[in-house]
Every structure is written in C-alpha cells, then in structure tokens.
Amino acid sequence: MDPSHTPKKPHIALIPSAGMGHLTPFLRIASLLLSRNCIITLFTPKSTISNAESDHISFFLTKYPQVKHLEFDIIPVQASGNQDPFFVQYKAISRSSHLLRPLLSSSPYPFSAIFCDLLTARSIAAISADLSIPYYVLISTSAKFLSFMLYLPFLVSNPDKFSINSTEVQIPGLTPLPMKSIPLPFVNPNHLLASSIIENVGSIPEAKGILVNSFKQFEAETFSALNNCKVLNNLPQVLPIGPLQAYDIENDESQCLSWLDNQPEKSVVYVNFGSRTAMSNDQIKELGHGLDRSGCRFLWVVKTSTVDKEDKEGLEELLGNSFLERVKSKAMVVKSWVNQEKILEHSATGGFISHCGWNSVTEAAARGMPVLAWPIHGDQRVNAEVLQEAGLGILEKTWGMGNERLVKQEEIAKRVSEFMNDVELRNRAMKVGEEARKAIEHGGSSDKAIMEIIEKLS
Ligand code: UDP
Ligand code: UDP
C-alpha cells in the first residue's frame, strides 16, 4: 500500500427488505463490518410486518449504539386480501426506495457504498448511478436459488421450456433443478413475488458485486458457474461471504436453554420452521404425535400463522392437555421466539428439523448440525437440495412441499428416529461444519472476499 495513502473508514449504507429472512443477514454483516472498522447507517421502513423484525432492530441498535438508524416512509401497495403480507411489503419497500435518495445524498460523512437487498436493486441502481455511490447486492438465499432468480426472465419468456408441466429446469452451468423444487408463484410472471424479482434482477449487472451468505465449498458448482459467465455473461463478481455469524443477543423468551442443560448430549431433535412458515393445524398435530412416537427427546417451536402478531392460539387449544402432559418428561414445546443460534450450539442438540430458510441452513452448516429438511414454500426446497448435496442433511422428498398432502405421524416417527441415529450423516455434517469454520477464519475464502471489498472502499 502507498504509505502516503491513509485508508479512510468506509461508510456503508445497509438497506434490507422485509421479514427476518432478509433482515438477519444485513444485521449480521453490519456487525462484521463494524468489527472491521467500517461506519454503518441502517435504513429500515417506519413500520415492519412482524414483531420479530422490530424487536431485532431494537436489540441491534442497543448493542451497537454507534450505528446510525434512519427510518423511511413507505408508500402502501394496494393488495388483495389473500396476498402474503411479506410479499406486499417487499413491493412497498421497493416502490419507496427512491425516497432514500435525499437521505443518501445529504450525509455529512459521504457514503462509500450501498449494500441493498435484491428486492430493491432497481431503484438503488438508479440512485447509485446518480450519486456515484457504488452498490452491492446482499443475497439472502442460496447461490443456487440466486442462479434461478437471475435466469428467471429468460425462463418466463420461454413457456415451452418452463411451465408447470416441465419436469426440470435447465440453468446453464448447473445440474438441472427438478420442477418440483420450483415454487409455484415463480411460474406465473404476474405473481407479486415473481414480478418483483424479474423487475429487480435486470439491475444486477450494474452492481459492483453480489455478496452471498454462503461459502465456496458448500456450493462449489454454483459459484463456479456464476463466476465463469455460464448463468449470465454480464454479472459482477459473485462473492461467498458466509456463513455470516450471529451478533450476541439475549432474546430467548422461552426456558429452552435451561431445559437443554438437563438433557444428555446430542439427544434432542430441535424442530423450528422459521419466522414465517406455518403448517396447517392438522399437520401440526401429526407432527406432534410423530415426534412423540419417534422415541426421541424434542424441542419443538410451534407456529400457526405467517405473521407473529396474529399467532394467538394457545398450545393447549392446539395440541390438547393430555398430549402436553404425556410428552413433558422428554420434550419442550413452546410457541414463542427462541434463540436458535444458542440452541444449535448447545451440546444436547443432535439434529435439526428445518423448513430450510437460508439463514437456518447457514446456522446449521456453521455448526455441522445434521438437518432433516422439510421445505414448505419459496426457495426452501432448492435450499434443501443444496444442503443434501453438501452432506449436511437429508431431504425427505415424499413429504412434498407446503400442504401438498398430510404427512402422517407414522412416517414422521420412523424418519425422525432414523435421522437421529444416522452416524454417517452426523460425520458428514461435522465435515461441513469444519469447512464452514475454515471459510470464515482469518484468511479463509469468505474472510478474504469481505476484506477485499473493505480494502476497495477504504
Ligand atoms: N429464528 C430464531 N428463533 C425463532 C425463529 C427463527 O432465532 O424462533 C431465526 C433463525 O435463527 C433465522 C431467522 O430467524 O436466523 C429465520 O430466517 P430463515 O431464513 O431461516 O427463515 P424464514 O424465517 O425467513 O423463513
Ligand atoms: N393420537 C394420535 N397418535 C398418538 C396418540 C394420540 O394420533 O400417538 C390422537 C388420538 O387418536 C386422539 C388425539 O391424538 O385423537 C389426542 O390424543 P391424546 O392421547 O393426546 O389425548 P386424548 O384425547 O387421548 O386424551
């Protein structure tokens, strides 16, 4: 480095989209950048959809008071009654992102870069060009699902190659994806989610880089295809920077951790379908009896509605008192937010039944925790395939997606018991954990990628 050049502290604007799945990687990268001497301004809409989001933003700001927080108004989007409130909020944030322009241009300490979500890329690209602030896109899903989204505009313009009747989807440079793994909304270009993605991926080539919360060894084929111009020939560099680590937060509302302290090593199967994925009440009941009949100890976080503010039904009402009484000597069943990172780290946890939201997958990968994948919607089945190929877990394909069919308690009991006793899987998952740790340690592939960006911006 030229000795006369004193590196300046990069000032980075972080602009997440809606929902915990999108907020989480932004808060994690913020904590990482702060530890590397960057200055952070966090932009969030004035109102969030879930309590989990507003709680986490508050926790984060209390922990890092040096972060500047700017809230912006969002222009409401007309939505029909049955649309997913998170999809509606994605669209509203995207439509309102131009309101960030004055906030980005008037900072007394000029911005060195903007890190935005894929779902705001189009408006941020325009602001970035206008204000000459480089922008990077932080991706909150797998590199494989990213490849699918990047290729979606081509797919939807070729209905003979991409329709509900196709058996697989060909993306150049990648092993074909089974059509069964593609979420239905994506097959309809007019769907709120598909149209938001198509609208925004067109601006990706203007970004300075695409950051993915994944690591090279976890998705080697995909990173190679993306960076060798196979998927699209005009992409900026795609940089694996994960698994992003949690910043320390004390937000366990349950007694789960003290309960785990009293359980034998690796004896507990942890069941959690993330922050916004609810099963039908019938499926929840079958799952409960299946877990009971598996003979395993279990820690189960039950969720009955997409938005946490609406989750009102009590456990007794849902599962019955006799069920709760019967399982209480070997299980902890809760209906509140738990500290998943701490649960996955606990020595008593031996396996994770997950919907495969990408944050959950990366959290399991970081700890070499075996996953029994039960994807329900969105990118989850593609993510489940990624983790199965990497050796972290198994995907029980016969269980289908969403509420395609009622998976019976006998099937669940058998699969869960096999899963918890699968020594080979446990060993494979441990190796994934070692690779994840190497990627983020000093000089590892993900660490180098993030350091290169910081140096560029200094
Ligand atoms: N999470 C948690 N406790 C809960 C539910 C979720 O800590 O009770 C966290 C989880 O660790 C993850 C995030 O919330 O970091 C959920 O993101 P993910 O991408 O896994 O799934 P989504 O909720 O977006 O479907
Ligand atoms: N049940 C089940 N599998 C089991 C145990 C119970 O499907 O392993 C069903 C049972 O048939 C009943 C409901 O779950 O319809 C409630 O059973 P539980 O033993 O929890 O309470 P009960 O109503 O028998 O007091």
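What you see is a predicted model; the values in this text were computed from it and never measured. (Residues numbered from 1 in each chain as written. Chains lettered and ligands numbered in written order. Predicted model: local features only at pLDDT ≥ 70, side-chain atom pairs only at ≥ 80, totals over all residues. Heavy atoms only, no water.)

1. With respect to the sheet that holds strand 1 (residues 11-15)
Strands sit in the order 3-2-1-4-5-8-9 across an open sheet of seven strands; the sheet is parallel. Taken across any chain shown, the strands that pair with only one partner, and hence form the sheet edges, are strand 3 (68-72) and strand 9 (237-240). Along the sheet, successive strands turn relative to each other by an average axial angle of 25°, direction set aside. Note that strand 1 and strand 2 (residues 39-45) share four bridges and pair parallel. Counterpart to Ala13 in the pairing with strand 2 is Thr41. (Pairing = 2+ DSSP bridges. Helix = DSSP H or I, 4+ residues; strand = E, 2+ residues; numbered from the N terminus. Axes fitted to C-alpha atoms, helices over the stretch in contact; angles between N-to-C directions.)

2. As for helix 3 (residues 85-96)
Look at helix 3: 16 Å from first C-alpha to last across 12 residues, which is about the 16 Å you get at 1.5 Å a residue. Burial analysis of helix 3 places 10 of its 12 residues in the buried class, the great majority of the element. Inspection of helix 3 places Phe86, Phe87, Val88, Gln89, Tyr90, Lys91, Ala92, Ile93, Ser94 and Ser96 among the buried residues, and these make up the whole buried set. Looking at the buried positions of helix 3, the neighbouring elements they touch are helix 1 (20-35), strand 2, helix 2 (51-63), strand 3, helix 5 (121-131) and helix 7 (192-201). Backbone nitrogen of Phe86 and a side-chain oxygen of the N-cap are separated by 2.7 Å at the start of helix 3; the cap is Asp84. (Expected span 1.5 Å × (residues − 1). Buried < 20%, exposed > 50% of the residue type's maximum accessible area, 1.4 Å probe, protein only. Contact = heavy atoms within 4.5 Å. Polar contact = N/O pair within 3.5 Å; in protein donor to acceptor, adjacent residues only side chain to side chain.)

3. Description of the sheet that holds strand 15 (residues 393-395)
Sheet architecture is open: six strands sit in the order 12-11-10-13-14-15, paired in parallel fashion. Every interior strand has two partners, whereas the edge strands, strand 12 (331-334) and strand 15, have only one. Each strand axis lies, on average, 15° off the axis of its neighbour in the sheet, ignoring direction. Both strand 11 (residues 297-301) and strand 12 contribute to a ladder of four bridges, which runs parallel. The residue bridging Val301 from the neighbouring strand is Val334, located in strand 12. On top of the sheet, helix 15 (residues 380-390) reaches strand 14 (371-373) and strand 15; it is set at about 135° to strand 15, its chief contact.

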